Amino acid sequence: MDFSEKLSIPPFVDNARSSPLVSKPKRETIASKDHSAQADAVHLTNHGRSLKSAIERSRQMPDVREDRISALKQQIEQGTYRIQKDWIASNLMAETMENNRAMESVNPDG
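Quantities reported herein were computed from a predicted structural model and do not represent experimental measurements. (Residues numbered from 1 in each chain as written. Predicted model: local features only at pLDDT ≥ 70, side-chain atom pairs only at ≥ 80, totals over all residues. Heavy atoms only, no water.)

### Some points on the overall build of the protein
Part 1 of the reasoning: Along the backbone of the protein there are four helices and two strands.
Part 2 of the reasoning: In the protein, the succession of α and β elements from N to C terminus is α-β-β-α-α-α.
Part 3 of the reasoning: Across the protein, the fraction of contacts at a sequence separation of at least 24, relative to all contacts at a separation of at least 6, is 28%.
Part 4 of the reasoning: For the protein, the exposed surface amounts to about 10200 Å²; the carbon and sulfur share of it is 54%. (Helix = DSSP H or I, 4+ residues; strand = E, 2+ residues; numbered from the N terminus. Contact = heavy atoms within 4.5 Å. Areas by Shrake-Rupley, 256 points an atom, 1.4 Å probe, with all protein chains shown as cover.)

### Observations regarding the confidence of the model for the protein
Part 1 of the reasoning: Averaged over every residue, the pLDDT of the protein is 76; residues scoring 70 or more account for 65%.
Part 2 of the reasoning: A low-confidence stretch, residues 11-17 stays under pLDDT 50, and its non-local contacts, those more than four residues away or across chains, total three contacts. (pLDDT = per-residue confidence, 0-100.)

### Some points on a nonpolar patch on the surface
Part 1 of the reasoning: A cluster of nonpolar side chains, contributed by I76, Y81, I83, W87, I88 and L92, occupies part of the molecular surface with about 640 Å² of accessible area.
Part 2 of the reasoning: Top contributing element to the nonpolar patch by residue count: helix α4 (residues 85-106), with three residues.
Part 3 of the reasoning: By the secondary structure assignment, Y81 is in the loop between α3 (66-78) and α4.
Part 4 of the reasoning: Accessibility expressed as a relative area gives 37% for Y81, which makes it partly exposed. (Patch = residues over 30% accessible without salt bridge, like charges linked within 9 Å, V, L, I, M, F, W, Y side chains within 5 Å. Salt bridge = Lys/Arg side-chain N within 4 Å of Asp/Glu carboxyl O. Buried < 20%, exposed > 50% of the residue type's maximum accessible area, 1.4 Å probe, protein only.)

### Looking at α4
Part 1 of the reasoning: With 22 residues, α4 ought to run about 32 Å at 1.5 Å a step, and its terminal C-alpha atoms sit 32 Å apart, in line with that.
Part 2 of the reasoning: Of all the 22 residues making up α4, zero are buried; the element is thus mostly uncovered. (Expected span 1.5 Å × (residues − 1).)

### Quick word on the environment of S53
Part 1 of the reasoning: Along the chain, S53 turns up in helix α2 (residues 46-60).
Part 2 of the reasoning: A distance of 2.7 Å separates polar atoms of two side chains, one belonging to S53 and the other to R57. (Polar contact = N/O pair within 3.5 Å; in protein donor to acceptor, adjacent residues only side chain to side chain.)

As structure tokens, then:
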């Protein structure tokens, strides 16, 4: 699964000045023969640089864990693979409760 699209930083952000990922823009003057123009410069904060680095590392990772898939296939073929019913049920319930809490925080009235 490729998360790089979800984590990509948009090329233009309206609220960049309030973002913790971007430091305040600096104005640079570009001189020309007839007039002066102002250009904005954006500098990433440490948090922004860390996020960018994480995105780059995630792009280098394989989408599929071949070693895990191979081991599971072998267990299935040998008949030794066992479904962990309690683990699955527990995680489904935890995820459902987490989703319910998230929905309540978005719409506390119901």
